[in-house]
Amino acid sequence: MYNKTITELAKSLHKKELSSYELTTHYLNRISKYNPLLNAFITKTAEQALEAAKQADQMLAANRAGPLTGIPIAHKDIFCTQGIKTSCGSNMLDNFIAPYDATAVTKLNTAGTVLLGKTNMDEFAMGSSNENSYYGPVKNPWNLETVPGGSSGGSAAAVAARLTPAATGTDTGGSIRQPAALSGVTGIKPTYGRVSRWGMIAFASSLDQGGTITQTAEDAALLLNAMCGFDPKDSTSVNHPVPDFTTTLNNPLKNLKIGLPQEFFTADLDPKIGDAILAAAHNLEKLGANLVEITLPHSELTIPVYYIIAPAECSSNLARYDGIRFGYRAKNPKNLQDLYECTRADAFGDEVKHRIMLGTYVLSAGYYDAYYLQAQRVRRIISNDFTTAFKQVDIILGPTSPTTAFKFNSKKDRLNMYLSDIFTVGSSLAGLPGISIPCGTIDNLPVGMQLIGAAFNEALLLNVAHQYQQVTTWHQKIPPNFM
Amino acid sequence: MTLTPAEIIKIGLLARIKITPTDIEKYADIKKIIELAEKFKNVDTSDVHPMAHPHNITQRLRQDIVTETNQRNKLQQTAQQTELGLYLVPTVIE
């Protein structure tokens, strides 16, 4: 059962070939067996899962089931889940039981999914390796000495090892796409504003976006059908019609124009990664697409701009963690100021504190104009690069990550770690959708190809990814130790 | 650029994060990230409006009518110290 996609499992459930209770039990057993090794889950919700599975089976029996009824999934521990611990990978929220469900959670619950548990992540979504979690690092199922990527590392590892057929993730600068690439699975970040951020613990409000990590683009389409949509409770939610993403998966790619940014294929790119990406691009050419060289001239500014804007926004969003209304509270403070300072120094991890300090600096008097405001202006210039590119091409293709999965503790230099995001942050700054799909391996470690689309054009991303997955088998591979 | 210990302490105060003398060295590498920003400091942005947000939308407004119910007890369950519906903090004014 674990090697089936959601699409296949849904057919089996509807044909009564198996029950959601059996399926859920199967995945809960896999989690019990393999999670001690991978550390992909922070919380397993076995009782609730089996109860939800029973209800799903009743809906299936009464022929009142939808395409996701009875399908087990996991949620990244950044989404509030009512009555269930929601830690955001942090000691600060180790004691936090969410009093409500995030909108994305409610939508997937309404669609009939069954929650297996909450997945591990870099603390407050800050990281590219899942080495920054209070609950310990997550291991990459392809090589246990390597990272799965981050910050949605738990979700990526769990799907890769088939401890769950799919999981939610969030992506601020690449945190769905990069772990999907390093873990050999399919990860999509929708257009900013597509998926409600209500109940999704905030890191950087103008960048955060919820999305999915699945085995296939087809499965992602099914989940996004349920997750996307206007939410009046999120003031940044965009009221843009949500198409049925499954109906355009099989559109032919004839005459599709695919842009390859010259800045993504420089001499600095690992030639083996470059070869894998270009081989994938040529696969799409054989399906009728045309490859066009384009330029995103300000690409080298994307990392500096992102690492000024994101920490600035994080410093503002994480100001709420003061020990008073929720979360960790320091003991025996001398006074109120001491309570705030000790709570935050004790309970935030190093990376989070660094980003808060950096963000505070760039927003402070005397520096705001030169750093934050200037970064927001250059952000518009970066966004304009994409607008210009999409006048020439329909979709942009490139690597997701400059490396395959790297070893633990190998990127101790903070700046070196930040450079992992080089291919993903630009589209995040512009609010554009992006998907990463497996397209090869190097030394048995997965390589991911990224497709970036124009705003609200997730349908085309999923179409191209699905067509690629019809003629290749990279997405079907399961790490040998988890078969 | 330089980032002096005094500046780090000041940022710590603004960020409400306790900074001990041994922490100062730990935060000194913030300087490297800020130095990255030198790459875009001199880009000509004289005609460019800051992009705070990816979309051309403004804050939605709603009717000024009460729609939410009082859920104080439920929402205060996440707080560690409360009494009579109030959040307890160390004495501020003596």
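In case you missed it, the structure is sitting above this.
Residues numbered from 1 in each chain as written. Chains lettered and ligands numbered in written order. Predicted model: local features only at pLDDT ≥ 70, side-chain atom pairs only at ≥ 80, totals over all residues. Heavy atoms only, no water.

Draft legend 1. The arrangement of the overall build of chain A in detail. Counting secondary structure elements, chain A contains 15 helices and eleven strands. Computed over C-alpha atoms, the radius of gyration of chain A comes to 21 Å, within 12% of the 23 Å expected from 2.2 N^0.38 for 483 residues, which places it in the range of a compact globule. Dimensions of chain A, computed from C-alpha atoms along their principal axes, come out at roughly 65 × 55 × 45 Å. Intrachain contacts of chain A at a sequence separation of at least 6 include 76% that bridge at least 24 residues. By element, 50% of the accessible surface of chain A is carried by carbon and sulfur atoms, the whole surface being about 15,700 Å². In chain A, which carries 41 positive and 41 negative side-chain charges, the distance between the mean positions of the two groups comes to 4 Å. (Helix = DSSP H or I, 4+ residues; strand = E, 2+ residues; numbered from the N terminus. Rg over C-alpha atoms; globule rule 2.2 N^0.38 Å. Contact = heavy atoms within 4.5 Å. Areas by Shrake-Rupley, 256 points an atom, 1.4 Å probe, with all protein chains shown as cover. Lys, Arg positive; Asp, Glu negative; His and termini not counted. Charge placed at Lys NZ, Arg CZ, Asp CG, Glu CD.)

Draft legend 2. Local environment of the interface of chain A and chain B. On the chain B side, the residues contacting the 71 residues of chain A number 51 residues. Between chain A and chain B, a total of about 5,400 Å² is buried, with carbon and sulfur atoms accounting for 66% of that surface. On the chain A side of the contact with chain B, Arg329, Met357 and Tyr361 of chain A bury the most area, a combined 13% of that side's loss. Across the contact surface, chain A and chain B share five salt bridges. Linking aspartate 413 of chain A and lysine 32 of chain B is a salt bridge whose minimum nitrogen-to-oxygen distance equals 3.0 Å. Summed over the shared surface of chain A and chain B, the result is 27 residue pairs in polar contact (both at pLDDT 80 or more). Mapped by element, the contributors of at least two residues to the side of chain A that touches chain B are helix 9 (302–317), helix 10 (336–347), helix 11 (350–363), helix 12 (369–392), helix 13 (414–418) and helix 14 (425–430) of chain A. (Buried area = accessible area lost by both parts, 1.4 Å probe. Salt bridge = Lys/Arg side-chain N within 4 Å of Asp/Glu carboxyl O. Polar contact = N/O pair within 3.5 Å; in protein donor to acceptor, adjacent residues only side chain to side chain.)

Draft legend 3. Quick look at unusual backbone geometry. Residue and element names in this part refer to chain A. Here the bond from glycine 150 into serine 151 is cis, since omega is 10°, no more than 30 degrees from zero. Notably, asparagine 130 is not glycine yet its phi reads approximately 60°, a positive angle. Here asparagine 130 is to be found in the loop between strand 3 (114–119) and helix 5 (153–160). According to the relative accessible area criterion, asparagine 130 is buried, its value standing at 0%. (Buried < 20%, exposed > 50% of the residue type's maximum accessible area, 1.4 Å probe, protein only.)

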